[in-house]
Amino acid sequence: MNNINMVLSIQKPITISNLTLNLGQKNNYCTPAIAMKGCLKIDTITFRGINGEQYTARVDQTPDFKQINKKLPGGGAVCCGPVAVSNAIMWLSKNGYPELTNKKSQLEIIKELIVYLKTNAYDNGTTVSDMCNGLDKLVRDKGYKIKNLEYQGYWPCSRKYHSNKVPDLKQITEALKKKSLVVFNIGRYERSVNEKTGKVKYDYDNGHYIVLTGFRKKGNNIELLINDSAKSSKQVEVLKLKALSDGVLVPSEKATEITGLKKPQKARGYNEIVGGLDYARKDNHIILLEGAIIMELE
């Protein structure tokens, strides 16, 4: 899976509409071919159903490293996973866990994460399973303990991390207020309807990682503030979510080969991103919030 992060000139959260994200043209597990203009500091995801206050304390403190970088393997094209994690790691390092970086530059941290997360920097990017395993090992190697490491979503990973549930946005936003990191994986799917049965199918096309940095109330909605390592022709945007009510999610042959996921998964309850991420869109495709990796340190 890949991620998309934006570096930038905007110093405070701003709400806009229409981001332009490109997850790529290949039918690989996570290969974003990114061709965008400009950079982005903060994206926001709007959704209903969460009670409570806002949390933006780490927004301005979290770096927004740009994924496409000639100093990264493969030019960084499929390094969204390590880049997203590095943004959160840099924040944690400055907030009680200095040995996570040991005064290394963020570029050095990303290169280190590529190894820990077993990122295939020239083809498929980072699987959810390798990200969970790599984060666990990284934290232990740095001398810290993990209070909770959990993956919410349907991609395969070790049972000790996998909660086997649809991402719980209320739980996720609560976790963010602790000494933690939250990384989302999103995917693009081609939607089709069987003319005879009327059943809906979503065929997996590509994926990406982004990091959550905060949330705030906006009218009757809550906005999730994210950093996205891909470029954008816009600077900030609101990503609106809508829960899917039916259908199945079908992994591509490539995704099956890489992750081992063979069977279609129920789409009901997962959130489609219905506003924003325009750069990732194609006709008859949807962008889905597939899952979240939550890590809280002791």
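Residues numbered from 1 in each chain as written. Predicted model: local features only at pLDDT ≥ 70, side-chain atom pairs only at ≥ 80, totals over all residues. Heavy atoms only, no water.

So, on to the overall build of the chain. A tally of helices and strands in the chain yields five helices and ten strands. Of the contacts formed within the chain by residues at least 6 apart in sequence, a portion of 75% connects residues at least 24 apart. Accessible surface, the chain: about 12800 Å² in total, of which carbon and sulfur atoms supply 46%. (Helix = DSSP H or I, 4+ residues; strand = E, 2+ residues; numbered from the N terminus. Contact = heavy atoms within 4.5 Å. Areas by Shrake-Rupley, 256 points an atom, 1.4 Å probe, with all protein chains shown as cover.)

What follows covers the side chain of glutamate 272. When you line up the elements, glutamate 272 lands in strand β9 (residues 271–275). Discounting residues that sit within four places of it in the chain, glutamate 272 has contacts with Lys240, Leu241, Lys242, Leu244, Ile286, Ile287 and Leu288.

This next bit is on unusual backbone geometry. Glycine aside, the phi torsion of most residues is negative, and most peptide linkages are trans. In the Ramachandran plot, asparagine 102 falls in the positive-phi region, its phi being about 50° despite a non-glycine side chain. Position of asparagine 102 among the secondary structure elements: in the loop between α1 (80–93) and α2 (106–116). Judged by relative accessible area, asparagine 102 falls into the partly exposed class, the value being 45%. Of note, the phi angle at lysine 103 is positive, near 65°, even though the residue is not glycine. (Buried < 20%, exposed > 50% of the residue type's maximum accessible area, 1.4 Å probe, protein only.)

All right, on to the confidence of the model for the chain then. The predicted coordinates should not be examined in detail at positions where pLDDT is low. Scored by pLDDT, the chain comes out at a mean of 82, with 78% of its residues at no less than 70. Low pLDDT, under 50, characterises residues 2–41; the stretch is placed with 228 contacts to residues that sit more than four places away or in other chains. (pLDDT = per-residue confidence, 0-100.)

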